[in-house]
Amino acid sequence: MSTGPDVKATVGDISSDGNLNVAQEECSRKGFCSVRHGLALILQLCNFSIYTQQMNLSIAIPAMVNNTAPPSQPNASTERPSTDSQGYWNETLKEFKAMAPAYDWSPEIQGIILSSLNYGSFLAPIPSGYVAGIFGAKYVVGAGLFISSFLTLFIPLAANAGVALLIVLRIVQGIAQDCSPGWSLPIRAMIKSLPLWAILVSYFCEYWLFYTIMAYTPTYISSVLQANLRDSGILSALPFVVGCICIILGGLLADFLLSRKILRLITIRKLFTAIGVLFPSVILVSLPWVRSSHSMTMTFLVLSSAISSFCESGALVNFLDIAPRYTGFLKGLLQVFAHIAGAISPTAAGFFISQDSEFGWRNVFLLSAAVNISGLVFYLIFGRADVQDWAKEQTFTHL
């Protein structure tokens with residue numbers, strides 16, 4: 001309980017010092033958790049909801065269409081599912097087909113559908129930034145998440161009405177989902193900044209691989225490994241669960257190396273990016289040669305996701321180093337490049353798979369690895385970790 005003089009003193013402090021003491025008083029109150037941790041939890045739940053909506057069609061599409069599985073090849077697999085497993089798979093398919101229709105979507109159409117979410121996503125940062133400046137970011141995030149969640153309920157109806165309507169719905173969903181960049185920017189200096197372009201190119205190349213894996217892992221597991229519908233969803237989630245854990249571990253390792261001054265910041269960024277690009281690229285290119293073994297295929301997918309998470313402590317967070325003043329805008333700009341990659345890569349994957357059912361997956365993985373390594377080379381040459389001149393706060397001397 002506060003005494004009379006304490007209350008008067010508090011009131012005097014508030015009136016004389018503005019909102020500063022109010023903020024300090026609020027921060028001193030104890031609750032379930034701090035405001036910072038509470039906000040982080042809410043944002044994580046928002047991200048969880050968004051990525052769930054991005055992933056759900058990728059998991060469902062093998063069961064929705066009737067032509068994801070390539071025709072049997074004489075040398076496609078030497079490790080066949082057991083009779084009981086195959087019987088369960090056939091029984092599950094029969095039960096599902098009795099309840100849900102099969103859509104005659106070619107692999108190209110499937111690629112466009114899976115890409116369409118990103119068609120709208122890379123257009124959204126500019127208007128969302130303007131609206132957020134007027135109404136506040138929390139209203140933009142809340143409204144976008146509500147609209148996207150609401151539209152998810154209409155995906156089955158849109159699929160029944162036609163593929164064009166489904167693509168339009170997914171585009172609108174993408175616009176409703178990503179970010180709120182800031183303004184008053186040194187645009188000309190940014191355009192000339194090679195360290196910034198190194199990060200942008202790296203974002204595009206690394207998210208090319210990410211969106212390919214996110215969109216086509218369920219299809220690959222369902223068609224190549226002949227997993228049943230239930231197991232396909234579980235196995236598709238496994239690489240991403242491991243990847244989430246490894247992102248945290250990679251960040252802790254990077255902080256440890258930096259705090260103990262074992263490695264310089266730029267060395268950490270480039271080393272972690274190189275590890276997160278080279279090893280997953282080699283693993284994914286090797287996938288078609290181990291598809292005869294279900295266990296090896298899943299091991300490779302999990303390892304690829306786990307090691308690629310090192311990029312989160314490398315190039316993907318490097319924009320905080322070179323321009324901390326403009327993190328809001330740069331994060332939005334980077335998301336634009338990521339969504340452009342997401343708009344192209346699943347479409348390209350669908351094209352390759354439709355052209356050659358036997359070598360299509362190999363070509364998809366080879367292209368993803370080539371794009372990813374090209375981005376790595378560009379980043380290793382031009383990447384920097386010091387604050388750029390155009391991102392430093394200007395100081396003025398008054399005479």
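Anyway, here's the lowdown on the structure attached to this text.

## Notes on the overall build of the protein chain
On a plain count of helices and strands, the protein chain comes out with 17 helices and zero strands. Taking all 399 residues of the protein chain together, the buried fraction comes to 43%.

## Observations concerning a nonpolar patch on the surface
A grouping of F146, I147, F150, L153, F154 and L157 is seen on the molecular surface, where their side chains present a nonpolar patch of about 630 Å² in accessible area. By residue number, the principal contributor to the nonpolar patch is helix α7 (residues 137-152), which donates three residues. On the secondary structure map, F154 appears in the loop between α7 and α8 (155-161).

## Considerations on helix α14 (residues 294-308)
Helix length check: α14 (15 residues) gives 21 Å between terminal C-alpha atoms against 21 Å at 1.5 Å per residue, within 8%. Considered for burial, the residues of α14 that qualify are T297, M298, F300, L301, V302, S304, S305, A306 and I307. Where α14 is buried, its residues contact α11 (194-223), α12 (229-259) and α13 (265-286).

## Let's talk about the packing of α12 against α14
Axes are the key here: two packed helices are described by the angle between their axes and the distance separating the axes. Interhelical geometry of α12 versus α14 gives an angle of 30 degrees and a closest axis separation of 8 Å. The pairing of α12 with α14 is recorded here as roughly parallel in orientation. Both α12 and α14 take part in a crossing whose hand is right-handed. From α12, L235, L238, P239, F240, V242, G243 and C246 reach across to α14, where they touch M298, L301, V302, S305 and A306.

## Some points on the nonpolar core
Counting residues in hydrophobic clusters, the biggest one holds 37 residues, and the most contacted among them are W105, L166, Y216, L284, L287, W361 and F365. Here the element with the most residues in this core is α11; it accounts for six residues. Among the nonpolar cores identified, the runner-up in size contains 33 residues, and L185, M190, V277 and A315 belong to it.

## Looking at the environment of A274
Its location among the elements puts A274 in helix α13. C-alpha separation for the pair A274 and S308, spaced 34 residues apart in sequence, amounts to 9.4 Å.

## Considerations on the side chain of S223
Its place among the elements puts S223 in helix α11. Given a relative accessible area of 4%, S223 falls into the buried group. Engagement of the side chain of S223 in a polar contact is seen with the backbone oxygen of T219, the distance being 2.7 Å.

## With respect to the pattern of salt bridges
Counted by the stated rule, this structure contains two salt bridges. A salt bridge links D321 to R269; its shortest N-O distance comes to 2.7 Å. Highlighted residues: D321 in helix α15 (residues 319-322) and R269 in helix α13, separated in sequence by 52 residues. Looking at D321, the relative accessible area reads 13%, which means it is buried. What makes R269 buried here is its relative accessible area of 11%. Of the charged contacts, one joins K392 and D389 as a salt bridge, the two residues approaching to 3.5 Å between their closest N and O atoms.

Cut-offs applied
Counting from 1, residues in each chain are numbered in the order their sequence is written. Where local features are concerned, this predicted model is filtered to residues with pLDDT of at least 70; where side-chain atom pairs are given and counted, the filter is 80 or more; whole-chain, interface and lining totals use all residues. Side-chain metrics in this entry use all non-hydrogen atoms of the structure; hydrogen atoms and water are not considered. Helical segments are the DSSP runs of H or I of at least four residues, strand segments are the runs of E of at least two, and each set is numbered from the N terminus. Note on classification: 1.4 Å probe, protein chains only; a residue is buried when its accessible area is under 20% of the maximum for its type, exposed when over 50%, partly exposed between these limits. Only residues whose relative accessible area exceeds 30% and that take part in no salt bridge are eligible for patches, with like-charged residues grouped when within 9 Å of each other and nonpolar side chains (Val, Leu, Ile, Met, Phe, Trp, Tyr) grouped when within 5 Å. For the area figures, the Shrake-Rupley method with a 1.4 Å probe applies, and any residue is considered shielded solely by the protein chains shown. By salt bridge we mean one thing: a side-chain nitrogen of Lys or Arg within 4 Å of a carboxyl oxygen of Asp or Glu. Residue count minus one, scaled by 1.5 Å, sets the expected span of a helix. Two residues form a contact once any of their heavy atoms are found within 4.5 Å. Note on geometry: axes are C-alpha line fits, over the in-contact stretch for helices, and angles between N-to-C directions span 0 to 180 degrees. For classification purposes, an angle smaller than 35 degrees is called roughly parallel, one larger than 145 roughly antiparallel, one from 65 to 115 roughly perpendicular, and anything else oblique. Each crossing gets its handedness from the near helix: less than a right angle anticlockwise from the far helix is left-handed, clockwise is right-handed. Residues belong to one nonpolar core when they are buried, are Ala, Val, Leu, Ile, Met, Phe, Trp, Tyr or Cys, and are joined through side-chain atoms within 4.5 Å. Definition of a polar contact: a pair of N or O atoms within 3.5 Å, with one able to donate and the other able to accept a hydrogen when the atoms are protein atoms, and with sequence-neighbouring residues admitted only if both atoms are side-chain atoms.

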